[in-house]
Protein chains: 2
Amino acid sequence: MVAVAHRVVIVGGGFGGLYAVRSLKHADVEVTVIDRRNFHLFQPLLYQVATGALSPAEIAAPLRYVLNRQKNTKVLLGEVEDIDVTGRAVILKDGSRVPYDTLILATGSTHSYFGHPEWEPFASGLKSVEDATEIRSRLLLAFERAERGTDPAARKAQLTFVIVGAGPTGVELAGAIGEISRDTLKKDFRAINPADASIFLIEGTNRVLPTYSPKLSRAAEEALTRLGVQVRTSAMATMVDQDGVTVKLKDGEMRIAATTVFWAAGVQASPLGQILAGKTGVKLDKAGRVCVEPDLSVAGHPEILVIGDLAGFLQDGQQLPGVAPTAIQQGQYAAKLIQGRLRNEKTKPFHYFDKGSLATIGRNSAVAKIGPVEFSGILAWAAWLFIHILYIVEFESRLLIVFQWAYDYFTHNRGARLITGNWENRS
Amino acid sequence: MVAVAHRVVIVGGGFGGLYAVRSLKHADVEVTVIDRRNFHLFQPLLYQVATGALSPAEIAAPLRYVLNRQKNTKVLLGEVEDIDVTGRAVILKDGSRVPYDTLILATGSTHSYFGHPEWEPFASGLKSVEDATEIRSRLLLAFERAERGTDPAARKAQLTFVIVGAGPTGVELAGAIGEISRDTLKKDFRAINPADASIFLIEGTNRVLPTYSPKLSRAAEEALTRLGVQVRTSAMATMVDQDGVTVKLKDGEMRIAATTVFWAAGVQASPLGQILAGKTGVKLDKAGRVCVEPDLSVAGHPEILVIGDLAGFLQDGQQLPGVAPTAIQQGQYAAKLIQGRLRNEKTKPFHYFDKGSLATIGRNSAVAKIGPVEFSGILAWAAWLFIHILYIVEFESRLLIVFQWAYDYFTHNRGARLITGNWENRS
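1. Regarding the overall build of chain A
Helix and strand counts for chain A come out as 11 helices and 28 strands. Computed over its C-alpha atoms, the radius of gyration of chain A comes to 22 Å, within 12% of the 22 Å expected for a compact globule of 427 residues. Across its three principal axes, chain A shows a C-alpha extent of roughly 80 × 45 × 45 Å. Out of the 427 residues belonging to chain A, those deemed buried represent 57%. Summed over all atoms, the accessible surface of chain A reaches about 17,700 Å², with 55% contributed by carbon and sulfur. Side-chain charges of chain A comprise 47 positive and 43 negative groups, with the mean position of each set lying 3 Å from the other.

Written out as C-alpha cells, the structure is:
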C-alpha cells in the first residue's frame, strides 16, 4: 500500500504563498498552489510600472516557471469561490473541488475607499498589474490633454495630480510623479511646461509615512517638497468626483480641482476572509483581516492557516505592517509548522522579526530604517536599490531590471510610457 | 513681417510617419505628427510580445521622446476623423481642426477577415499592442485550461492551435508557438505535456512565405516541420467559430477542432483611405489602399501624400510589400519631395529599393534574401538578429532588448508570460 502524502493547498501566489511553497520544497507533502493569476507579482515595485519605469513582465514571474523544478508541487490557475470547511476542500469558480489536509490562505488585500466605493472610478488604486497600467495611462493622458487643450482652467486641473494616502505607496508614487513632471517629460511638450504640474499628497495623520519615526517622516517630507510635491497632513478626503477632491483640513476645507486622483489610502483584506468567518465563526478585524491564533491558524481549525495581508496578527499590541517581509516570514513559518506537525513536533508561536523599512522618494533619495539605524538621502537610496536587487535576483535572477534601472538612471528616461486601451472613450 | 513656415501634418507615427518627420528635421517647415497612440511601435517584433518573449514597452518608443529634440515638430495625441480637403485641415475626433499645407497620410492597415468580420472574436489578429497581449493571454490560457480539464476531447481542442496565413507574421507566430510548446513550457505542467500540442499553419497559396522564392519557402516549411508545425498549403479557411476552423483543401475539406485560432491572413488599409476617396475621387485598390501617383501624391491633390501600408503603389506591375522598409523609404521620399518643392526643384518618381527580406522560424533558424543571395538556417537567423538589433538601436538605443534576447536565448525562457485582463469571463 502506498502512503498518501499530506495535501497542502495554498491559495494565493504572492509573497506569503510563494515563500510557503518554496519552504515546503523538501517536505513529504503534495502541494497545490491556486492563484487567479498565472504570475507572482513583485508588488513593492508596482509603482514603477505605474510611473513608466518598468514593464509589468519585469516585476512578474510566471508561477509555473518559478515552481517548475519543485516536484511535489502543482500550480492551478483558478479563483477560489468557497471553502468547504467540513469536507476540507476549496471550491473553484468553475465548480471543481480541490481537497486539502492543510489549507493556507494567502489572498492578500485590496484598496478600500473608507466606505465610499463610488470614488473608485475617479481614484485608481494600485494593487494589480491592470491598476498600474491604468494609472500609467491616466497620468500620461493628463499631460496629453493639457497639451491639446486651450482653456486655462481646464488645463490647470489636467496638470493637477492628487495622491490620497502618504504611506510608502503614496509617497513613492508622489515622488515618481514629481520626477516625471520635473525631469522625464521636460523636453517633450510644446504648449505646456510639465514642471508646472501641481502634485498634492493628502495624509490623514499628522505626518507622511506614519509608521516610520518622526525623524524619517520629516526627511521624507523635505525630499517630497524638493520634487515639487505639496504635502497636506491632518487632511482627510471627504469627497472625490470627476472634477477633483474635497479635503477637510484641521482649520477648514479645501477643494482641489484635478482630473487625476490616485488612491493609496485604506486597505481591505481579501473577501475570502468573510467566507472563512461565515464558515468557522473566526473574528475579523476592522479591515476584514482574519484574527489568527499565535501559530497563524484559525481558532478551532488548526488545519487552516492564514498568512500575509489577510492575517490579523497583533504583536506588542500592534497589527503587523502589510508589507512583503511580514508575508514572507509568515509563509516560511507556515511551512515549518506543517513539517513540525508531520513529525509530531511542537512549533513556537509566530514572531515577526523587523529587519527594517525603506521607501524611495524619486531619484537619489530615500528614507531607511535598518535595525536600529535610521538614515535618509542618497545612502538610503543606495540601500533601497541594493536590497531590492538582492530580493529580485533571489527569486528569479531578474538581472534585466538592474540594466533597465541603470539605463534609465543615466539617461533620465522612462521607456515604458505607453497609453494602452481605449482612451478616447474614457471619461 | 515674419514668414509663416510651410505646415506639414503627418497622420500616423509608424515607420512611414516616423521616417518622414525625422527626414524633415532640418527643413524649414512646421511639422505636426498626429497619432492615436502615444508611441511608435516596432511592429516586426510584435509576434515576440504575442509569444511572451518581450514586453510591449520594449518594442515601443514614446513618440514625444523620440522627437523631443526636433524643434520644428510637435506631437498630438488624437484620432483623425475627417479631412477637409478644400480647407486643407484634418479634423480630429474631438472636433478640433489642424490646418496643413502638405498632408502626409501614413495610417497603415489592419487585418481583414475576407469579408467575414464575424470570425474576428474567434481569431485574433496581430496589429496592435492590445492584439499582442490578447494573443499572449489566449495562448497561455489554452495550456492552463488543458491542465485543469479532464475531458480528453476538450483537452485535445485546447492543445490545438491554428494560424491562418503563412506570410512572415504567420510563419513567425507558428514557429514561436512550436518553440513554446516543445521547449519553453517543457517542465511547467503536471497533467499535460505541452509538446503534445498540435499547431496548424493554413496557407491559401501553394507554399509558405509566398512572396519569397520557392527555395526559401521550402526551407521555411522544413524548419516549421521540425518545430512540430503542421503546414497545410492550398488551404482556405471557410469557417471559423468558437470550436475551430473548417478548411477547404485541394482534395476535400478538413475540420480542425481548436479553441485557439490566430489570424495572419488578409490585410485591409486604414479607413482613412475611404474618407480620402470620398473627398478627392482617388481610386482605391481591392485592399482599400489609395492608388497614388508616381510621387506618392493623390491625383489632383499634390499637397496630399500617402505612404506605407495605406499607399497603393505598383512597381513592375506589382504592389509593393507591406513591410517596414517600404514605409521607411516612402517616408524619406515624402520628406525629400516636400523640401524639393520648397526649393522649386523637381524630384524623381519614387522607386523602391529592395534590400531583401528575412523571417525567423524559432530558435537558430530563419530564411533570408539579402540582395541576390538567398540562405537559411542559423546563418540567416544571425543575419535576422543583426539587422533587427541595428534597426532597434538606431531608433532608440534600446540595447535592453539585446540583453533580454541573450538572456532568454541562454535560459530557454520567455519571461513575459502574463495573462492579463479578466480571463474568467472570457469565452
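That covers the picture; the talk isn't over yet.
2. Observations regarding the side chain of Gln330 of chain A
By secondary structure assignment, the location of Gln330 of chain A is in helix H9 (residues 324-342). Sequence-distant contacts of Gln330 of chain A, that is, excluding residues within four places in its chain, are made with Leu296, Ile307, Gly308, Ala311, Phe313, Leu320 and Phe350 of chain A.

3. Comments concerning helix H7 (residues 214-226) of chain B
In an α-helix there are 3.6 residues to a turn, and that puts residues three or four apart on one side. All names here are of chain B. With 13 residues, H7 should reach 18 Å at 1.5 Å per residue; the first-to-last C-alpha distance of 19 Å fits that figure. Listed in full, the buried residues belonging to H7 are Leu216, Ser217, Ala219, Ala220, Ala223 and Leu224. Angularly, the buried residues of H7 cover 165° about the axis, an arc narrow enough to put them on a single face. Opposite its buried face, H7 presents the exposed residues Arg218 and Arg226, each directed more than 90 degrees away. Where H7 is buried, its residues contact helix H6 (168-184), strand S13 (198-202), strand S14 (229-232), strand S27 (366-370) and strand S28 (373-376).

4. Quick word on the nonpolar core
Grouped together as the largest cluster of nonpolar side chains are 68 residues, with contacts concentrated most on Phe143, Leu201, Leu224 and Val367 of chain A. The greatest single-element share of this core, amounting to 7 residues, is contributed by helix H4 (residues 129-148) of chain A.

5. Brief notes about the packing of helix H1 (residues 15-23) of chain A against H9 of chain A
Residues and elements named next belong to chain A. The interhelical angle for the contact between H1 and H9, taken along N-to-C directions, is 35°, at an axis separation of 7 Å. For the element pair H1 and H9, the recorded crossing hand is right-handed. Contacts between H1 and H9 involve Phe15, Gly16, Tyr19, Ala20 and Ser23 from the first element and Ala324, Ala327, Ile328, Gly331, Gln332, Ala335 and Gln339 from the second. Split into classes, the residues belonging to the contact of H1 with H9 amount to 7 nonpolar, 5 polar and no charged.

6. Things to note about the packing of aromatic side chains
Residue and element names in this part refer to chain A. In the structure shown here, the tally under the stated rule is 16 aromatic pairs over all chains. Residues Phe143 and Phe189 carry aromatic rings whose centres are separated by 6.1 Å and whose planes lie at 35° to one another, so their mutual orientation is tilted. Here Phe143 is found in helix H4, whereas its partner Phe189 is found in the loop between helix H6 (168-184) and strand S13 (198-202), with 46 residues between them in sequence. Taken together, a centroid distance of 5.5 Å and an interplanar angle of 75° make the contact between Tyr333 and Phe350 edge-to-face. Residue Tyr333 is found in helix H9, and its partner Phe350 is found in the loop between H9 and strand S26 (356-360); the two are separated by 17 residues along the sequence. The exposure class assigned to Tyr333 is buried, which follows from its relative accessible area of 7%.

So, how was this worked out
Residues numbered from 1 in each chain as written. Chains lettered and ligands numbered in written order. Predicted model: local features only at pLDDT ≥ 70, side-chain atom pairs only at ≥ 80, totals over all residues. Heavy atoms only, no water. Helix = DSSP H or I, 4+ residues; strand = E, 2+ residues; numbered from the N terminus. Rg over C-alpha atoms; globule rule 2.2 N^0.38 Å. Buried < 20%, exposed > 50% of the residue type's maximum accessible area, 1.4 Å probe, protein only. Areas by Shrake-Rupley, 256 points an atom, 1.4 Å probe, with all protein chains shown as cover. Lys, Arg positive; Asp, Glu negative; His and termini not counted. Charge placed at Lys NZ, Arg CZ, Asp CG, Glu CD. Contact = heavy atoms within 4.5 Å. Expected span 1.5 Å × (residues − 1). Arc of directions from axis to C-beta. Core = buried A, V, L, I, M, F, W, Y, C linked by side-chain atoms within 4.5 Å. Axes fitted to C-alpha atoms, helices over the stretch in contact; angles between N-to-C directions. Left-handed = near helix turned anticlockwise from the far one by under 90°. Nonpolar A, V, L, I, M, F, W, Y, C, P; charged D, E, K, R; others polar. Phe/Tyr/Trp six-rings, centres within 6.5 Å; stacked < 30°, edge-to-face > 60°.

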